[in-house]
Amino acid sequence: MTSFRNFAGTVTASPRLRPSISSLDQLGGLLDSAVRAGHTVRAVGAGHSFTPLVHTGGVLLDLDGYQGIDEVDALTHEVTFRAGTRLWQIPGLLAPFGLALENMGDIDRQSLAGTLNTGTHGTGLTFTGFSGTVTGLRLMLADGSLVHTSATENPDLFQAARVGLGALGVMTHVRLRCVPHYMMQARETIEAIEPLCESFIERSQREDHLEFFWFPGTAKAQVKTNTRLPGEFPAKAPGRLASWVNDELLSNGGLQAICSVGAALPRLVPHLNSFASRILSERSYIAAWNQVFVSPRRVKFTEMEYALPMESFAAAFTEIREYFASRGAPVVFPLEVRTAAGDDTWLGTASGRDSVYIAVHRYIHDRAPQYFPAMEAILSSYGGRPHWGKQHTLRAAELSRLYPRFEDFRAVRARVDPQGLFVNDYLRELLDLQN
């Protein structure tokens, strides 16, 4: 057996086999062998999910040997990638064609298949999550057939698979709608939390990309405003001091230090958060799209994120601030707030509505077990939908009320995988499956 451990170390497994495929013939043979041996199959990407979606004692396969571009449509800017391609590889793959992704999150370690199966998104009300930019998918199903899907070809399977949780088959190819290469101006400012909360939704509606980070219980937040520029716009490097303070404090070395101190001495957490919020610097720079979107993340954490209706943001965030003011939790990691445009994916967290995302994080060694349950109680009370790859406790009964096409998804899954080849114990519980 070979072991598996996710990014945070919170999900471990001992699969019987852990192969990496490099061809469709190899994948077909692997699925056939698994069926004959009675093993289940789960596909894994970067292991960056915090839920046990890939936990298995059967076959845990990766697509790292199946990467790159298969086709580029010069007229539509649609690009067909092999599904094992990692997000960090895509800028280099698209550069010869003068193309870029429409949007991106702040982590680029994931595979395309993992990105879509968990509903990964970026920020900006003009832009959907990754799944909303998909125009075609190819899946290998449990019977070994390779199926092409789109809005017009096997449309139900296409809609289900755009956020498919890996429960329908093995994703082999992804056709994405891309755009001409662009630059971005990044502006990072420090703002008072009160007026920021009051204006956030309105500002999100007029900016290309707007998000903020708030150290719990403090009076200020770091606001990131990214504005898209033509691809030929010259780059302008940020100041070195501000870059070091912001990148290291918010994401890496400095954050690791204060998280470690906070875990050892929880009573100091309010002082640590106050210190962190005071030394953040403002900066502005211009760089290529991917260099602005992506930030390094080296500190190990767990995360919960809910997508709320836009109109619920003010009340929900007010309740979160009141929680810290009255009870609080010894957590140092900042909360992250973003927005994304609605789409028509069946299980997309922004399906059918523009959404505001509130993400809460915990350092893996902190002493705040009550934090996530308290945040989940608040966020779910406002009709929030949990990110599929991040911690939550919702199950089929609650999810079926949140997603109008939930039963349609279950029906498609039952049709294409009646024996449950791609199902693990977690999915059985999450989706209330019998096989």
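Here the structure is shown first, and the text comes after it.
Throughout what follows, the structure given in this document is the object of discussion. Quantities reported herein were computed from a predicted structural model and do not represent experimental measurements. (Residues numbered from 1 in each chain as written. Predicted model: local features only at pLDDT ≥ 70, side-chain atom pairs only at ≥ 80, totals over all residues. Heavy atoms only, no water.)

What about the overall build of the chain?
Using the following cut-off: Secondary structure elements are taken from DSSP: a helix is a run of H or I of four residues or more, a strand is a run of E of two residues or more, and numbering for both begins at the N terminus. When we talk radius of gyration, it's over C-alpha atoms, and the globule rule is simply 2.2 Å times the number of residues to the 0.38. In this description, contact between two residues means that some pair of their heavy atoms is separated by no more than 4.5 Å. Here, Shrake-Rupley sampling with a 1.4 Å probe gives the accessible areas, and only protein chains in the shown set may cover a residue. A residue counts as positive if it is Lys or Arg and as negative if it is Asp or Glu; His and the chain ends are not included. The atoms used to mark charge sites are NZ of Lys, CZ of Arg, CG of Asp and CD of Glu.
A tally of regular secondary structure across the chain gives 14 helices and 18 strands. For 435 residues, the compact-globule formula gives about 22 Å, and the C-alpha radius of gyration of the chain, at 21 Å, lands near that figure. With the C-alpha coordinates of the chain rotated into their principal frame, the extents come out at 60 × 50 × 40 Å. Sequence-distant contacts in the chain: of pairs separated by 6 or more residues, those separated by 24 or more amount to 73%. Carbon together with sulfur atoms contributes 52% to the accessible area of the chain, which is approximately 17000 Å² in total. Side-chain charges of the chain comprise 41 positive and 44 negative groups, with the mean position of each set lying 6 Å from the other.

Some points on the nonpolar core
Keep this limit in mind: Here, nonpolar core refers to any group of buried Ala, Val, Leu, Ile, Met, Phe, Trp, Tyr and Cys residues whose side-chain atoms link them within 4.5 Å. For each residue, the accessible area found with a 1.4 Å probe, counting protein chains only, is set against the maximum for its type, and the residue is called buried under 20%, exposed over 50%, and partly exposed in between.
Core analysis: the biggest nonpolar cluster contains 109 residues, and Phe 212, Phe 317, Ile 320 and Tyr 371 have the highest contact counts within it. Beyond its immediate chain neighbours, meaning those up to four positions away, Phe 317 contacts Ile 193, Cys 197, Phe 212, Trp 214, Leu 335, Val 337 and Ile 358. Within the second largest apolar cluster, 18 residues are counted, among which are Ile 258, Ala 276, Phe 301 and Phe 333.

Brief notes about the environment of Leu 137
Looking at where Leu 137 falls in the secondary structure, it is placed in strand E8 (residues 134–140). Accessibility expressed as a relative area gives 2% for Leu 137, which makes it buried. In this structure, the C-alpha to C-alpha distance between Leu 137 and Ala 151, residues 14 residues apart in sequence, is 9.9 Å. With residues near it in sequence (within four places) discarded, Leu 137 still touches Leu 116, Val 147, His 148, Thr 149, Phe 158, Ala 161, Arg 162, Met 171, His 173 and Val 174.

Considerations on the packing of aromatic side chains
What counts, and what does not: Any pair of Phe, Tyr and Trp rings, taking the six-membered ring for Trp, is counted once the centres come within 6.5 Å. Such a pair is stacked with planes under 30 degrees apart, edge-to-face with planes over 60 apart, and tilted for the rest. Remark: a charge is flagged as sitting over a ring if the NZ atom of Lys or the CZ atom of Arg is within 6 Å of the ring centre and within 35 degrees of the ring normal.
Under the counting rule described, the total for this entry stands at 15 aromatic pairs. Here the aromatic rings of Phe 7 and Phe 50 are separated by 6.4 Å at their centres, their planes lie at 75 degrees, and the arrangement is edge-to-face. Here Phe 7, found in the loop between strand E1 (4–5) and strand E2 (12–13), pairs with Phe 50, found in the loop between strand E3 (41–44) and strand E4 (59–62); they are 43 residues apart in sequence, far enough to count as distant. Judged by relative accessible area, Phe 50 falls into the buried class, the value being 5%. Three or more aromatic residues link up through ring pairs in this structure, and these residues are Phe 200, Phe 212, Trp 214, Phe 313, Phe 317, Tyr 323, Phe 324, Tyr 371 and Phe 372. Of note, Arg 228 hangs over the ring of Tyr 182, and the distance from its end group to the ring centre comes to 3.9 Å.

Quick notes on the sheet that holds strand E11 (residues 182–192)
Convention followed: A pair of strands is considered paired only if DSSP assigns at least 2 bridges between the two. Under this scheme, a helix contributes an axis fitted over its contacting stretch, all axes are lines through C-alpha atoms, and angles between N-to-C directions fall in the 0 to 180 degree range.
Read across the open sheet, the eight strands follow the order E14-E11-E13-E12-E16-E17-E15-E18; overall the sheet is antiparallel. The outermost strands of the open sheet, each flanked by one partner alone, are strand E14 (283–288) and strand E18 (385–386). In this sheet, strand E17 (residues 355–363) lies alongside strand E16 (residues 335–340) in antiparallel orientation, the contact comprising five bridges. Its bridge partner being in E17, Thr 339 is matched across the sheet by Val 356. Set on the sheet, helix H5 (residues 193–206) makes contact with E11, strand E12 (209–214), strand E13 (220–230), E16 and E17; between it and E12 the angle comes to about 155 degrees.

So, the environment of Arg 162
Among the secondary structure elements, Arg 162 is positioned in the loop between helix H4 (155–161) and strand E10 (170–180). The class of Arg 162 is buried, set by a relative accessible area of 4%. Along the backbone, Arg 162 and Asp 432 are 270 residues apart, and their C-alpha atoms lie at a distance of 20 Å. Those residues in contact with Arg 162 that sit more than four places away from it in its chain are Leu 116, Ser 131, Gly 132, Val 134, Leu 137, Asp 344 and Thr 345.

Let's talk about unusual backbone geometry
A positive phi angle, near 50 degrees, is found at Asn 154, a position not held by glycine. Examined against the element boundaries, Asn 154 turns out to sit in the loop between strand E9 (146–149) and H4. Assessed through its relative accessible area of 39%, Asn 154 is described here as partly exposed. Notably, Asp 432 is not glycine yet its phi reads approximately 55 degrees, a positive angle. Judged by its relative accessible area of 45%, Asp 432 is partly exposed.

By themselves, these are just geometric observations and shouldn't be taken as functional.
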